[in-house]
Amino acid sequence: MTSGAAEKQATPNSTSGIEPRDPGEDFSIEELVRDMTLEEKLAQLVGVWVNASTDGDSVAPLQNQMAGDARTWEDVISSGLGQITRMYGTVPLEPLEGARRLAAAQEQIMAASRFGIPAQVHEECLAGLAAWKATAFPVPLAWGATFNPPLVHRMAGLIGAQMRELGIHQGLAPVLDVVRDLRWGRVEETIGEDPYLVGTVASAYVSGLEGTGIVATLKHFVGYSASRAGRNHAPVSMGPRELADVMLPPFEMAIKHGQARSVMHAYTDTDGVPAAANHALLTALLRGEWGFNGTVVADYFGIAFLHATHGIAADSGEAAALALAAGVDVELPTVNCYGRPLLERVRSGEVPESLVDTALRRVLLQKQEAGLLAKGFRPAPPALEAGSIDLDPAGNRALAREIAAQSLVLLANKTHGNSPCLPLPAAALASLGVVGPLAEDPFAMLGCYSFDAHVGASHPEVPMGIRVPTVAGAASERFGDVLSAATGTCEAITEDQIAEACRIAASVDTCVIAVGDNAGLFGRGTSGEGNDAADLQLPGDQHRMLDRVLTAARAAGTRAVVVVLSGRPYALGDFADRAGAIVQGFFPGEEGAEALWDVLAGSVNPSGKLPVSVPATSGGQPGTYLRSRLAGPSGVSALDPSPLFGFGHGLSYTSFGFSDHAAGTPTMPTTGEVSIGCLVTNNGDVDGAEVVQLYLEDPVGEVVRPVRELIGYARVELAAGASARVEFTVHADRTSFTGMDLQRVVTPGLVKLHVATSSTHDVHTHEVILHGERRGAGFAREMLTPVTVTPQ
């Protein structure tokens, strides 16, 4: 369909002589299921992507081949419509123009079909609402670095409120994939490499979004991030135990504690079974064991891929039959398989109509919850009725800056002269240079699902819809004259550009070198969907440039600060001892540059912690800290996979002391709990925040267990000289794992609980012995480790 399809007029449907029903009349779900024709039922199970391009740059995999639909708009909506796909997020539109088009489309949909049911509207909202002029918040990997779920909850509430004002009902976020291979292009979309961090932060986002009435959609169920060699859509080689203990817990938590109402299946196959056709996953586990009663939606074109890329279906009809039987309720983004191909299969008796009815009930329930089945539904979004909307207000920008500041991780801070390199003293800011491929690039701050990177990059004639200061630009505004040079791009830097960067580094007192990624889609960048990396060396010529600039800075006695702005961690082992300081940021959003200078200049004390490990070398890594003993360094392999900076690492401009460690008891039953506490004190002369981390070690397990795994954490903000008591309550369920019989169990025996500041730095260890019977621990288990922070 063309972009103007929603502007066309439609006439009411009177198929088979059935009279149209009063669109102002309320219907019960069972009445609708009983009275709808098969065509009307199937129309509720599909979305339509009105503005999708079928040539040029794509924003979804194989979009150019899959998104075409030769039917007229009247034909598409004649029996109703389930969803409208990305009315605001497909092309640059003024927000009110998008609202006007949406209102027109909803009016036509309601008028065209017998029941007058509006469409459910969905949009992407992974780093803020993906619409032109909407706030670009930091990406999820930055959320993870904050270790601050309440802050993420606040952000989700703002995003959800904006979506409601625009007439949107469903958000395709968050991503709950746990990072397993750092080369994967979509690492930036994840929250980190630990399931507990991912689950707690994602649950906060989900509850914030759902609290505004927006349906949160959990992505991607499940195993997507563990594809072979980190290649997008590649098969997943993962056993059921790793799937259950690493990949599934975040989804369990977001459903149980976040109250998510939708799940999106993954693109990948695990052990030969694509997620879109996996009945054991989507029905037996998700609905049977977990009791989930929301909708399962297809990742874009994922049902068609059962035929086109997976090769387990002979045609679109068989693909539809497999997906529907597995438990996929809604085909997104547009009609490929759940239209005529599925209609013919149901009519022939090959697919029971009862399966259609089951999916229909779930879809209608969400429409009912959104008010789409009510008499008083108004097709005009509230923003259109109000006549104005600001999608990037001052409050949003302030929160974006706060999240960005808390997400920046100070990896290293060496002594320069008689004091630490950072924060930069006033004298150091008086003679300042900013170089590197990201020095003057606003896209250094934006992830691939920020609108301007996701869609705007394909419309160069349209200006960015938001203000995104650059590293050099923000410095100039604050400090006056700054020598800067946009030395090349992330992919290519010339010898002349390297020479210019070296010249600047040698001529100033302080040089900030900005390196990292540009986000994009399917080869249009160095990070993002489809931009998988061969190894973890800085992309393009950046490694060579950084080596040369640091050499020039050292020769001149220049204070050198390396700033990495990226979507994944890169190997920094060659630079850790040569840079004065290293700061890691993960696409920190539109206020990222301002937050960066807040940290560099010392008005904000860095408090971010790594949600992913930073490797020392570009190869030979196990991927994440969550590993078995044999995946670590040993005498039987010449490769040392130890990270340069481990998960949870992050420095501060102050120091923290830990004392008064206590455990409630040295033993507990396999049904009991134990308290773990300590006193944390800010020993420095500036305010700061420490993240107290609690790790579990199971020295002798029934099956191979991780060396350690995060089971609790607390972000503790302390004024200079202040103290707080931190108390964790650890239920025996938190020691559970998938046992030899592939059931989640709690077993008796010794466990160690490590109070730590990172996965590689313990401050105290408690040994606790569990006694009693080996027992099961399913979906009803305690998934959280409650923690209290009491000022002293």
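For the structure, check the block above.
Here goes a summary of the coordinates provided. It should be emphasised that the depicted structure is a prediction, and the values quoted were computed from it without experimental measurement. (Residues numbered from 1 in each chain as written. Predicted model: local features only at pLDDT ≥ 70, side-chain atom pairs only at ≥ 80, totals over all residues. Heavy atoms only, no water.)

Moving on: the overall build of the protein. Looking only at helices and strands, the protein features 23 helices and 29 strands. Relative to the compact-globule value of 28 Å for 792 residues, the protein shows a C-alpha radius of gyration of 27 Å, a close match. Out of the 792 residues belonging to the protein, those deemed buried represent 62%. Expressed as a percentage of contacts within the protein between residues at least 6 apart in sequence, the contacts between residues at least 24 apart total 80%. As displayed, the protein offers around 26,200 Å² of accessible surface, 51% of which is attributable to carbon and sulfur atoms. Taking the average place of the 56 positive charges on the side chains of the protein and the average place of its 89 negative ones, the gap between the two points comes to 2 Å. (Helix = DSSP H or I, 4+ residues; strand = E, 2+ residues; numbered from the N terminus. Rg over C-alpha atoms; globule rule 2.2 N^0.38 Å. Buried < 20%, exposed > 50% of the residue type's maximum accessible area, 1.4 Å probe, protein only. Contact = heavy atoms within 4.5 Å. Areas by Shrake-Rupley, 256 points an atom, 1.4 Å probe, with all protein chains shown as cover. Lys, Arg positive; Asp, Glu negative; His and termini not counted. Charge placed at Lys NZ, Arg CZ, Asp CG, Glu CD.)

Our next topic: the state of the cysteines. Applying the stated criterion to the full structure yields 0 disulfides. With no disulfide of its own, cysteine 421 has cysteine 511 as its nearest cysteine by sulfur position, at a separation of 11 Å. Not part of a disulfide, cysteine 511 finds its nearest cysteine sulfur in cysteine 502, a span of 9.1 Å. For cysteine 511, a relative accessible area of 0% puts it in the buried group. (Disulfide = S-S within 2.5 Å.)

Note that the residue after phenylalanine 221, namely valine 222, is joined by a cis bond; omega there is -5 degrees. With respect to the element layout, valine 222 can be found in the loop between β5 (215-221) and α9 (240-247). Following leucine 332, the chain continues to proline 333 via a peptide bond in cis, the omega torsion being 5 degrees. Along the polypeptide, proline 333 turns up in the loop between α13 (316-326) and α14 (340-347). Despite not being glycine, phenylalanine 522 shows a phi value in the positive range, around 50 degrees.

This part covers the packing of helix α17 (residues 394-407) against helix α23 (residues 592-600). Axis separation between α17 and α23 bottoms out at 8 Å; the angle between their running directions is 50 degrees. Judged by the inter-axis angle, α17 sits oblique to α23. Considering how the two elements wind past one another, α17 and α23 form a crossing that is right-handed. The segment α17 lies against α23, with Arg401, Ala404 and Ala405 engaging Gly592, Glu594, Ala595, Asp598 and Val599. Within the contact of α17 with α23, the residues separate by chemical class into 4 nonpolar, 1 polar and 3 charged. (Axes fitted to C-alpha atoms, helices over the stretch in contact; angles between N-to-C directions. Parallel < 35°, antiparallel > 145°, perpendicular 65-115°, else oblique. Left-handed = near helix turned anticlockwise from the far one by under 90°. Nonpolar A, V, L, I, M, F, W, Y, C, P; charged D, E, K, R; others polar.)

This part covers the sheet that holds strand β20 (residues 673-682). Here 4 strands make up an open sheet; going across it, the order is β18-β20-β23-β29 and the pairing antiparallel. Strand pairing shows two members of the sheet lacking a second neighbour, β18 (656-663) and β29 (787-791), which therefore form its edges. Sheet twist, expressed as the average angle between the axes of neighbouring strands with direction ignored, equals 20 degrees. Where β18 lies against β20, 6 bridges are found, and the strand directions are antiparallel. Bridged to phenylalanine 656 within β20 is asparagine 682. (Pairing = 2+ DSSP bridges.)

Formed by 187 residues in total, the largest nonpolar core has its most connected members in Tyr205, Phe221, Tyr338 and Ile513. At 8 residues, the largest contribution of residues to this core is made by helix α8 (residues 195-210). Non-local contacts of isoleucine 513, meaning those with residues more than four positions away in its chain, are made with Val435, Met545, Leu546, Val549, Leu550, Ala560, Val561, Val562 and Val563. One finds Val434, Val468, Leu596 and Trp597 within the second-largest nonpolar core, a separate group that totals 40 residues. (Core = buried A, V, L, I, M, F, W, Y, C linked by side-chain atoms within 4.5 Å.)

This part is about the pairing of strand β6 (residues 262-265). Burial along β6 is two-sided: Ser262 and Met264 and Val263 and His265, pointing in opposite directions, are all buried. Judged from the 3 bridges that link them, β6 and strand β9 (residues 295-297) form a sheet pairing that is parallel. The residue of β9 that forms the bridge with valine 263 is valine 296.

Below, the discussion takes up the side chain of glutamine 162. Secondary-structure assignment places glutamine 162 in helix α7 (residues 149-165). Only 2.9 Å separates the side chain of glutamine 162 from the backbone oxygen of leucine 391, close enough to count as a polar contact. Every residue in contact with glutamine 162, bar those within four places of it in the chain, is listed here: Ile389, Asp390, Leu391, Asp392, Pro393 and Asn396. (Polar contact = N/O pair within 3.5 Å; in protein donor to acceptor, adjacent residues only side chain to side chain.)

The next thing to look at is the pattern of salt bridges. Applying the stated criterion across every chain yields a total of 47 salt bridges. Between aspartate 660 and arginine 725 there is a salt bridge, and its shortest N-O distance comes to 2.9 Å. Of the two residues, aspartate 660 sits in strand β18 while arginine 725 sits in strand β23 (residues 723-731), which places them 65 residues apart along the sequence. The class of aspartate 660 is exposed, set by a relative accessible area of 51%. Looking at arginine 725, the relative accessible area reads 13%, which means it is buried. The partner of aspartate 741 in a salt bridge is arginine 774, and the shortest N-O contact between them spans 3.3 Å. With a gap of 33 residues between them, aspartate 741 in the loop between β24 (737-738) and β25 (744-746) and arginine 774 in the loop between β27 (761-771) and β28 (775-776) connect regions that are remote in the sequence. In this structure aspartate 741 comes out as partly exposed when scored by relative accessible area, which is 41%. Overlapping salt bridges bring together Asp392, Arg397, Arg401, Arg478, Glu590, Glu591, Glu594 and Asp598 as one network. (Salt bridge = Lys/Arg side-chain N within 4 Å of Asp/Glu carboxyl O.)

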